[in-house]
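Descriptive structure summary
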Amino acid sequence: MSIEKTIESLQNGGTILYPTDTIWGIGCDATNPEAIKKVFDIKHRDANKSMIILVENEKRLQDFVEVPEMAWEIIDLSEKPITIVYESAKGLPKEALAEDGSIGIRLIKDDFCKKLISKLNKPIVSTSANLSGDKSPLKFSDISQEIIDAVDYAVEENREKISKYSGSSVIKVWKNGQIKVLRE
């Protein structure tokens, strides 16, 4: 199993290609500013565009944001993977945050990702494994060679699996309970 190699790469500030509960993603330790910068470089992504992070449990989610009651309801009711954008994050580098200090976080249900984050004991960045503007990869074979060559490690698990989701829904939830759907 490649989880040990994946953890080692993340702990050393590396970037990874990995399967999520949606599409294949480029990831890194979400608490490492240098690793986050590498992900932006790999994607040729504007640094003003924030990325999301993945957490494996409710406790870790609460380590980084105050979770409004409305967000818990959305998480509980959502059938497809859902990323919630929270107003203000704590304990994360500015490189991981949007300009306004908000952060998109998905409470992951995928077993491989849960295990990875739990063993790393830190959240991981998740952004689609493509160059900015290109189509998102539903399976490993959709990922360009340029991306594969640019990351430090490509996970071996689930390379044949085809995602049934082309991405997560994204909803912003304010502390006062106001919500806005950013992506269905």
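The notes below deal with the structure included here.

On the surface, a cluster of negative charge is contributed by Glu58, Glu69, Glu73 and Asp76. Looking at the secondary structure, you find Asp76 in helix H4 (residues 69-77). The exposure class assigned to Asp76 is exposed, which follows from its relative accessible area of 60%.

Looking now at the packing of aromatic side chains. One pass over the full model with this rule turns up 1 aromatic pair. Ring centres of Trp24 and Phe140 lie 4.9 Å apart, and the angle between their planes is 65°; this geometry places the pair in the edge-to-face category. Of this pair, Trp24 sits in strand S2 (residues 24-27) while Phe140 sits in the loop between strand S6 (124-128) and helix H6 (145-150); the two residues are 116 residues apart in sequence, bridging distant segments of the chain. Owing to a relative accessible area of 2%, Trp24 belongs among the buried residues under this scheme. The exposure class of Phe140 is buried, given its relative accessible area of 13%.

Further remarks concern the pairing of strand S1 (residues 16-19). Residue alternation in S1 divides its side chains into two sets, Ile16 and Tyr18 and Leu17 and Pro19, and both sets are buried. Examined bridge by bridge, S1 and S2 share 4 bridges and lie antiparallel to one another. Directly across from Leu17, in S2, lies its bridge partner Ile26. Counted between consecutive antiparallel strands, the loop separating S1 from S2 contains 4 residues.

Moving on, we get to the pairing of strand S8 (residues 169-173). By the criterion of burial, S8 is predominantly enclosed, with 5 of the 5 residues buried. Every second residue of S8 is oriented toward a common face, with Ser169, Ile171 and Val173 on one face and Val170 and Lys172 on the other, all of them buried. The sheet contact formed by strand S4 (residues 82-86) and S8 spans 5 bridges and is parallel. Paired with Tyr86 across the two strands is Val173, which belongs to S8.

Cut-off values and rules
- Per chain, residue numbering runs from 1 following the sequence as it is written.
- Only residues with pLDDT of at least 70 are given local features in this predicted model, and only at 80 or more are side-chain atom pairs given and counted; all residues enter the totals for whole chains, interfaces and linings.
- Think of the side-chain values as coming from all heavy atoms in the structure, minus any hydrogens and water.
- For patches, a residue must show more than 30% relative accessible area and have no salt bridge; joins then use 9 Å for like charges and 5 Å for nonpolar side chains, namely Val, Leu, Ile, Met, Phe, Trp and Tyr.
- For the accessible areas, the method is Shrake-Rupley and the probe is 1.4 Å, while residue cover comes only from the protein chains on display.
- When a carboxyl oxygen of Asp or Glu lies within 4 Å of a side-chain nitrogen of Lys or Arg, that pair is called a salt bridge.
- Only four residue types enter the charge count: Lys and Arg as positive, Asp and Glu as negative, with His and the chain ends excluded.
- Charged side chains are reduced to one point each, which is NZ for Lys, CZ for Arg, CG for Asp and CD for Glu.
- Only DSSP runs of H or I covering at least 4 residues are called helices, and only runs of E covering at least 2 are called strands; the numbering of each starts at the N terminus.
- The buried label goes to any residue with under 20% of its type's maximum accessible area, the exposed label to any with over 50%, and the partly exposed label to all in between, with areas taken from a 1.4 Å probe on protein chains only.
- Between rings of Phe, Tyr and Trp, where Trp is taken as its six-membered ring, a pair exists when centres lie within 6.5 Å; planes separated by under 30 degrees are stacked, by over 60 edge-to-face, and by other angles tilted.
- The pairing criterion for strands is at least two bridges between them, as found by DSSP.

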